Amino acid sequence: MKDWIKAARLRTLPLSLSGIIMGAFIAKWRLYGEGKIWDWRIFALALVVTLLYQILSNYANDYGDGIKGTDAKRATEAEARAVASGKITAKQMRNAVILFSVLSFIATVALLYVAFIPNYMNEFYIFIGLGILSILAAIGYTVGKKPYGYMGLGDIFVFIFFGLVSVCGSYFLFTKSFSWDMLLPGTAIGMMSMAVLNLNNMRDIESDKLSGKNSFALRIGFKNAMIYEMILLQLPLILILLFLGVNGFFQTQNYKVFIVMILMIPLMKIRRKIMTVKNPRELDPFLKQVGIMTFMIAALTAAGLNLFG
């Protein structure tokens with residue numbers, strides 16, 4: 001059980017929850033402002049779905065990298081995975097991927113049933129399709145003949161599913177509507193998620209080169225990947241600032257809503273420390289730090305709107 005829990009990589013959970021928290025609590029702020037009800041059941045089920053998707057993704061990555069020999073070339077204990085180390089067999093991990101795919105789909109149907117049935121049947125079927133795409137994306141990163149993670153496309157998929165789909169999709173579950181300004185927080189969370197993936201790929205750049213995993217970081221080189229990382233970590237708070245601005249908080253001078261901006265200082269410190277790294281292996285601790293910062297951006301944006309907005 002310890003090996004299965006470790007393979008689930010629960011340290012990645014705050015990152016995956018960030019989009020749900022951002023979308024759900026922006027929806028709560030807007031619905032309460034309109035005198036409407038925010039359904040806590042949708043939020044609870046969305047958390048379950050997110051947890052299952054994240055575990056599915058991590059198990060699929062472990063399985064895909066393990067059978068391709070990618071993990072075997074990783075040098076440190078922190079990077080070791082269950083299949084590559086032999087703690088869990090490839091067959092066992094494949095069965096776990098199948099199991100969590102089924103569980104993820106069942107949980108998705110339950111979530112969408114509560115959110116859309118009986119009055120929003122078209123939306124129900126559309127989101128069923130999105131759920132299936134999310135499951136396929138979780139598996140397809142490293143599994144299959146042409147996994148997109150091995151072609152340098154992981155950043156795009158992370159941006160779409162961890163950012164836009166997670167934030168805008170969860171917002172839609174509550175409001176049954178789409179608002180263009182939601183693209184701003186969706187892009188912010190998407191870019192932070194890309195920053196985590198890029199750090200991971202920068203850390204593994206040497207081993208990925210040996211195994212033929214052509215991540216985006218490997219394609220552009222370590223130096224350019226570092227510049228890319230700085231851009232990804234610089235823009236999200238600016239996008240949140242724009243979101244609060246277009247919703248009128250500069251005019252009302254309600255500056256308590258901008259509490260999320262206190263994260264400028266720790267993010268600045270993280271960026272500076274990352275820039276000083278010369279050995280890619282030294283980037284591992286920053287994965288957790290940037291993941292927590294992503295969660296904090298979502299949590300403080302939600303808190304600012306719902307407590308002071």
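Report on the accompanying structure. No experiment lies behind these values; they were computed from the predicted model shown. (Residues numbered from 1 in each chain as written. Predicted model: local features only at pLDDT ≥ 70, side-chain atom pairs only at ≥ 80, totals over all residues. Heavy atoms only, no water.)

Observations regarding the overall build of the protein
(1) Moving on: Counting secondary structure elements, the protein contains 14 helices and 0 strands.
(2) Moving on: A compact globule built from 309 residues would reach a C-alpha radius of gyration of about 19 Å, and the protein, at 20 Å, matches this within 12%.
(3) Moving on: Projecting the C-alpha coordinates of the protein onto the three principal axes gives extents of approximately 55 × 45 × 30 Å.
(4) Moving on: Per-residue burial for the protein yields a buried fraction of 54% across its 309 residues.
(5) Moving on: Contacts in the protein between residues far apart in sequence, at least 24 positions, make up 75% of those at least 6 positions apart.
(6) Moving on: Split by element, the accessible area of the protein, about 14400 Å² in all, is 67% carbon and sulfur.
(7) Moving on: If you average the places of the 31 positive and of the 17 negative side-chain charges in the protein, the two averages end up 1 Å apart. (Helix = DSSP H or I, 4+ residues; strand = E, 2+ residues; numbered from the N terminus. Rg over C-alpha atoms; globule rule 2.2 N^0.38 Å. Buried < 20%, exposed > 50% of the residue type's maximum accessible area, 1.4 Å probe, protein only. Contact = heavy atoms within 4.5 Å. Areas by Shrake-Rupley, 256 points an atom, 1.4 Å probe, with all protein chains shown as cover. Lys, Arg positive; Asp, Glu negative; His and termini not counted. Charge placed at Lys NZ, Arg CZ, Asp CG, Glu CD.)

Some points on helix α7 (residues 154–175)
Because each turn of an α-helix spans 3.6 residues, side chains separated by three or four positions in sequence point in the same direction.
(1) Moving on: When the terminal C-alpha atoms of α7 are compared, their 30 Å separation across 22 residues agrees well with the 32 Å that a helix rising 1.5 Å per residue should span.
(2) Moving on: A maximum bend of about 35 degrees is found in α7 at Val 165.
(3) Moving on: Directly after α7, the chain includes Lys 176, whose backbone phi takes a positive value near 60 degrees. (Expected span 1.5 Å × (residues − 1). Bend = angle between axes of the 7 residues up to and from the residue.)

Looking at a nonpolar patch on the surface
(1) Moving on: Judged by side-chain polarity, Ile 227, Ile 231, Leu 235, Ile 238 and Leu 242 come together as a nonpolar surface patch covering roughly 420 Å² of accessible area.
(2) Moving on: Structurally, Ile 227 can be placed in helix α11 (residues 222–246).
(3) Moving on: Accessibility expressed as a relative area gives 47% for Ile 227, which makes it partly exposed. (Patch = residues over 30% accessible without salt bridge, like charges linked within 9 Å, V, L, I, M, F, W, Y side chains within 5 Å. Salt bridge = Lys/Arg side-chain N within 4 Å of Asp/Glu carboxyl O.)

Focus on the environment of Met 268
(1) Moving on: Here Met 268 lies in helix α13 (residues 264–275).
(2) Moving on: Considering only alpha carbons, one finds Met 268 and Leu 17, 251 residues apart in sequence, at a separation of 23 Å.

Comments concerning the packing of α7 against helix α8 (residues 183–203)
Two packed helices can be described by the angle between their axes and the distance between those axes.
(1) Moving on: Where α7 contacts α8, the two axes come as close as 7 Å, and the packing angle between them is 145 degrees. In this structure, α7 crosses over α8, and the sense of that crossing is right-handed. Residues Gly 154, Asp 155, Val 158, Phe 159, Phe 162, Gly 163, Leu 164, Val 167 and Cys 168 of α7 form the contact with α8, whose participating residues are Leu 183, Pro 185, Gly 186, Thr 187, Ile 189, Gly 190, Met 191, Ser 193, Met 194, Leu 197, Asn 198 and Asn 201.
(2) Moving on: Tallied by class, the residues present in the contact of α7 with α8 amount to 12 nonpolar, 8 polar and 1 charged. (Axes fitted to C-alpha atoms, helices over the stretch in contact; angles between N-to-C directions. Left-handed = near helix turned anticlockwise from the far one by under 90°. Nonpolar A, V, L, I, M, F, W, Y, C, P; charged D, E, K, R; others polar.)

Considerations on the environment of Ser 85
(1) Moving on: You can see Ser 85 is positioned in helix α4 (residues 82–85).
(2) Moving on: A residue is classified by how much of its surface remains accessible, and Ser 85, at 40% relative accessible area, is partly exposed.
(3) Moving on: The sequence separation of Ser 85 and Ile 117 amounts to 32 residues, and the corresponding C-alpha distance is 45 Å.
(4) Moving on: A polar contact of 3.1 Å, which involves the side chain of Ser 85, links it to the backbone oxygen of Ala 82. (Polar contact = N/O pair within 3.5 Å; in protein donor to acceptor, adjacent residues only side chain to side chain.)

Quick notes on the pattern of salt bridges
(1) Moving on: Counting across every chain of the model gives 7 salt bridges.
(2) Moving on: Salt-bridge contacts for Asp 284 lead to Arg 11; the nearest nitrogen and oxygen are separated by 3.8 Å. Taken together, the residues Asp 284 in helix α14 (residues 284–308) and Arg 11 in the loop between α1 (2–8) and α2 (13–33) connect sequence positions 273 residues apart.
(3) Moving on: Judged by its relative accessible area of 40%, Arg 11 falls in the partly exposed class.
(4) Moving on: Arg 41 is the partner of Asp 39 in a salt bridge, and the nearest nitrogen-oxygen pair spans 2.8 Å.
(5) Moving on: Note on Arg 41: relative accessible area 42%, which makes it partly exposed.
(6) Moving on: Each of Arg 11, Arg 203, Asp 204 and Asp 284 takes part in salt bridges that share partners, so that together they form one network.

Considerations on the environment of Asp 204
(1) Moving on: Of note, Asp 204 is situated in the loop between α8 and α9 (205–211).
(2) Moving on: The buried category is assigned to Asp 204, whose relative accessible area is 0%.
(3) Moving on: Along the backbone, Asp 204 and Leu 218 are 14 residues apart, and their C-alpha atoms lie at a distance of 8.9 Å.

Brief notes about the packing of aromatic side chains
In this description, an aromatic ring pair is defined by two values, namely the gap between the centres and the angle between the planes.
(1) Moving on: Under the defined criterion, the tally for this structure stands at 19 aromatic pairs.
(2) Moving on: Seen from their ring centres, Tyr 59 and Phe 100 are 5.4 Å apart, and the 85 degrees between their planes marks the pair as edge-to-face. You can see Tyr 59 sitting in helix α3 (residues 40–68) and its partner Phe 100 sitting in helix α5 (residues 90–116), a full 41 residues away along the chain.
(3) Moving on: Exposure remark for Tyr 59: the relative accessible area of 5% places this residue in the buried category.
(4) Moving on: Here the aromatic rings of Phe 178 and Trp 180 are separated by 5.0 Å at their centres, their planes lie at 85 degrees, and the arrangement is edge-to-face.
(5) Moving on: Feature note: the residues Phe 25, Trp 38, Phe 43 and Phe 174 constitute an aromatic cluster, connected by ring pairs.
(6) Moving on: Over the ring of Trp 38 we find Lys 28, and its NZ or CZ is 5.0 Å from the ring centre. (Phe/Tyr/Trp six-rings, centres within 6.5 Å; stacked < 30°, edge-to-face > 60°. Lys NZ or Arg CZ within 6 Å of the ring centre and 35° of its normal.)

Nothing here speaks to function; it is all geometry.
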